[in-house]
Amino acid sequence: MLRRTIYSLAIVALIAGCSSGTKLNDTPVVDRNGGMGGAGGAASGVAPVTIDPNAGTAQGPVGVARIIYFDFDSYTIKPEFQQLIDAHARFLKANPQRHVSIEGHTDERGGREYNLALGQKRSEAVRRALDLLGVSDNQVEAVSFGKEKPAVQGTGEEVWAQNRRAEISYRQ
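Bear in mind that the values here come from a model prediction, so they are computed numbers and not experimental data.

Colleague: So what exactly am I meant to see when it comes to the packing of aromatic side chains here?
Modeller: For any pair of aromatic rings, geometry is given as the distance between the ring centres together with the angle between the planes. All told, the structure shown has two aromatic pairs when counted by the stated rule. An angle of 55° between the planes, with centres 6.2 Å apart, marks the rings of Y69 and F81 as tilted. You can see Y69 sitting in strand β1 (residues 67-69) and its partner F81 sitting in the loop between β1 and α2 (82-94), a full twelve residues away along the chain. Consider the rings of F91 and Y170, whose centres lie 5.5 Å apart with planes at 90°: the pair is edge-to-face. On the criterion of sequence distance, the pair formed by F91 in helix α2 and Y170 in strand β4 (residues 165-171) is long-range, its members being 79 residues apart. The exposure class assigned to F91 is buried, which follows from its relative accessible area of 3%. Over the ring of F145 we find K149, and its NZ or CZ is 4.2 Å from the ring centre.

Colleague: Even after reading the chapter, I still don't get the sheet that holds strand β3 (residues 140-146), so can you show me in this structure?
Modeller: Note on sheets: strands pair through backbone hydrogen bonds, and any given pair is parallel or antiparallel. Strand order in the open sheet formed by four strands is β1-β4-β2-β3, with mixed pairing between adjacent strands. Here the strands that pair on one side only, and so sit at the sheet edges, are β1 and β3. Within the sheet, the average angular offset between the axes of one strand and its neighbour, ignoring direction, is 20°. Summarising the sheet, strand β2 (residues 99-105) and β4 pair through six bridges and their orientation is antiparallel. Note on β4: the bridge partner recorded for E103 is E167.

Colleague: Explain the pattern of salt bridges here, please?
Modeller: Pairs can form between side chains of opposite charge whenever their charged atoms are close. Enumeration according to the criterion identifies ten salt bridges in this entry. Across the salt bridge formed by R109 and E157, the nearest N and O atoms sit 3.9 Å from each other. Of the two residues, R109 sits in the loop between β2 and α3 (112-132) while E157 sits in helix α4 (residues 157-163), which places them 48 residues apart along the sequence. On the basis of relative accessible area, E157 is assigned to the partly exposed category, the value being 43%. Taking the shortest distance from any N to any O, the salt bridge between R164 and E157 comes out at 2.9 Å. One salt-bridge network, in which partners are shared between bridges, spans D107, R109, E157 and R164.

Cut-offs and rules
Residues numbered from 1 in each chain as written. Predicted model: local features only at pLDDT ≥ 70, side-chain atom pairs only at ≥ 80, totals over all residues. Heavy atoms only, no water. Phe/Tyr/Trp six-rings, centres within 6.5 Å; stacked < 30°, edge-to-face > 60°. Helix = DSSP H or I, 4+ residues; strand = E, 2+ residues; numbered from the N terminus. Buried < 20%, exposed > 50% of the residue type's maximum accessible area, 1.4 Å probe, protein only. Lys NZ or Arg CZ within 6 Å of the ring centre and 35° of its normal. Pairing = 2+ DSSP bridges. Axes fitted to C-alpha atoms, helices over the stretch in contact; angles between N-to-C directions. Salt bridge = Lys/Arg side-chain N within 4 Å of Asp/Glu carboxyl O.

So yeah, pure geometry; function would need other evidence.
Dropping the structure here:
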């Protein structure tokens, strides 16, 4: 009995020691449109998305970035990336035959498992934002590469900041 109690306490201590302040189960996504009751992106300051007959082979909306950057140990989408997500949502809604993969990435700090989980939460945050904007769930896949595919090699805050990202990749 004593051995079982010590073993249980050791597992609890190990789990508590590996955790961070980031809650990976609570993805903060805010519906800024108050529901999608036909709003469709007509807000001021939002660039229109041009729909062309070649959209079936295009790599997404023209002139719109495909990378969302995150703060350290975070999967909260920053306000400056909302227009980027809005543009991709409008493109995907206008082209329901198109599909995207959202690839979550982290910097090199932290363990492999933690970074895979954090990368997944980053890709899920973008997927949920697209869902709130009316994109069909079957058009979007969220995956994580953790720290396995850095955009930039090296160390230091400038390098790490470029590796903490989610990339939107269009598939045929």
